[in-house]
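Examination of the molecular architecture
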Amino acid sequence: MKEYVINSSICGKDIRRAREVLDMTQKEFASFVCSSKRTIENWESKEEQAITGPIVPLIEILLRQPEMAEKLEYPKDRMRMRLIYMYKNMVCSVIDVDEPKRKVRVKNYIDNPLFRAFGRNTEPSFNDYEEFLRSRCFPETRDKMKLELKRLGLPFYDPLMIIEKTEGRMADDHFWIRIER
């Protein structure tokens, strides 16, 4: 069995220190660790008492690599539309789009290019974006396409409209797209 250099417990001072290193309020930190503000307050009040559980390795990792939290932040400056490219329940890429200006910006949250919306391309063009949308839809040349469009309640073939209806889900893969306007 493998052993790790992670402590078996931490105390409230460790949680407060991690929160301060990350420059987060108790509320922000609670959101980050998927907990309640009250839980964070409770933990921090236990100055020297042992705290155990899944929070321990998370705090240890954050104290060793505080930049990890920043890497997981959503981009602050969003454009008119945001597409969140997911693998199962994990965010892989966030794509901000301004269609009238034909601008696209992507932030990847995973190192493996096979899980990124644009693969190795970190500065996609608007044409790359349009191709990405087409890749997450049934082909325009599909047999009986008009029947499929009718089933979706769509008057014509438009990849973005199709993705709004299907979440860009394809047979035999677990990728999908959430659209925020």
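In this report, we go over the structure that sits alongside the text. (Residues numbered from 1 in each chain as written. Predicted model: local features only at pLDDT ≥ 70, side-chain atom pairs only at ≥ 80, totals over all residues. Heavy atoms only, no water.)

With that settled, the discussion passes to the pattern of salt bridges. One side chain can pair with another of opposite charge once the charged atoms of both are near each other. Using the criterion set out here, one finds 19 salt bridges in the structure. A salt bridge links R17 to D14; its shortest N-O distance comes to 3.3 Å. Of this pair, R17 and D14 both sit in helix α1 (residues 12-21), 3 residues apart, which is roughly one turn of the helix. Here D14 falls in the buried class, since its relative accessible area comes to 19%. For R19, the salt bridge is made with E44, and the minimal N-O distance between the two is 2.6 Å. Residue R19 is found in helix α1, and its partner E44 is found in helix α3 (residues 37-45); the two are separated by 25 residues along the sequence. Judged by its relative accessible area of 12%, R19 is buried. Note on E44: relative accessible area 3%, which makes it buried. (Salt bridge = Lys/Arg side-chain N within 4 Å of Asp/Glu carboxyl O. Helix = DSSP H or I, 4+ residues; strand = E, 2+ residues; numbered from the N terminus. Buried < 20%, exposed > 50% of the residue type's maximum accessible area, 1.4 Å probe, protein only.)

Here N121 is to be found in the loop between β3 (103-108) and α6 (126-135). Taking the C-alpha atoms as reference points, N121 and E20, 101 residues apart in sequence, are found 35 Å from one another. Once residues lying within four places of it in the same chain are set aside, the contact partners of N121 are V106 and D128. (Contact = heavy atoms within 4.5 Å.)

A full pass over the atoms with the stated rule returns 8 aromatic pairs. Considering the side-chain rings of Y87 and F175, the 4.9 Å spacing of their centres and the 55° angle between planes classify their relative orientation as tilted. Taken together, the positions of Y87 in strand β1 (residues 81-87) and F175 in strand β4 (residues 175-180) put the pair 88 residues apart, joining distant regions of the chain. You can call Y87 partly exposed: its relative accessible area is 21%. Taking the relative accessible area as the measure of exposure, F175 reaches 11% and is therefore buried. Joined through ring pairs, the aromatic side chains of Y85, Y87, F115, F118, F132 and F175 make up one cluster. (Phe/Tyr/Trp six-rings, centres within 6.5 Å; stacked < 30°, edge-to-face > 60°.)

β1 sits mainly inside the fold: 6 of its 7 residues count as buried. Pairing of β1 with strand β2 (residues 90-98) involves 7 bridges; the strand directions are antiparallel. The residue bridging M81 from the neighbouring strand is V97, located in β2. For β1 and β4, the ladder comprises 6 bridges, and the chain directions are antiparallel. What sits directly across from L83, in β4, is I179. (Pairing = 2+ DSSP bridges.)

Right, let's get into the environment of C92. Along the chain, the position of C92 falls in strand β2. A residue is classified by how much of its surface remains accessible, and C92, at 0% relative accessible area, is buried. Taking the C-alpha atoms as reference points, C92 and V104, separated by 12 residues in sequence, lie 16 Å from one another. The contact partners of C92, leaving out residues within four places of it in the chain, are Y85, M86, Y87, K107, N108, Y109, I110, F115 and F175.

Throughout the structure, instances matching the rule amount to 0 disulfides. In this structure C34 is a free cysteine whose sulfur lies 17 Å from that of C92, the closest cysteine sulfur available. Using a relative accessible area of 73% as the deciding quantity, one classes C34 as exposed. (Disulfide = S-S within 2.5 Å.)

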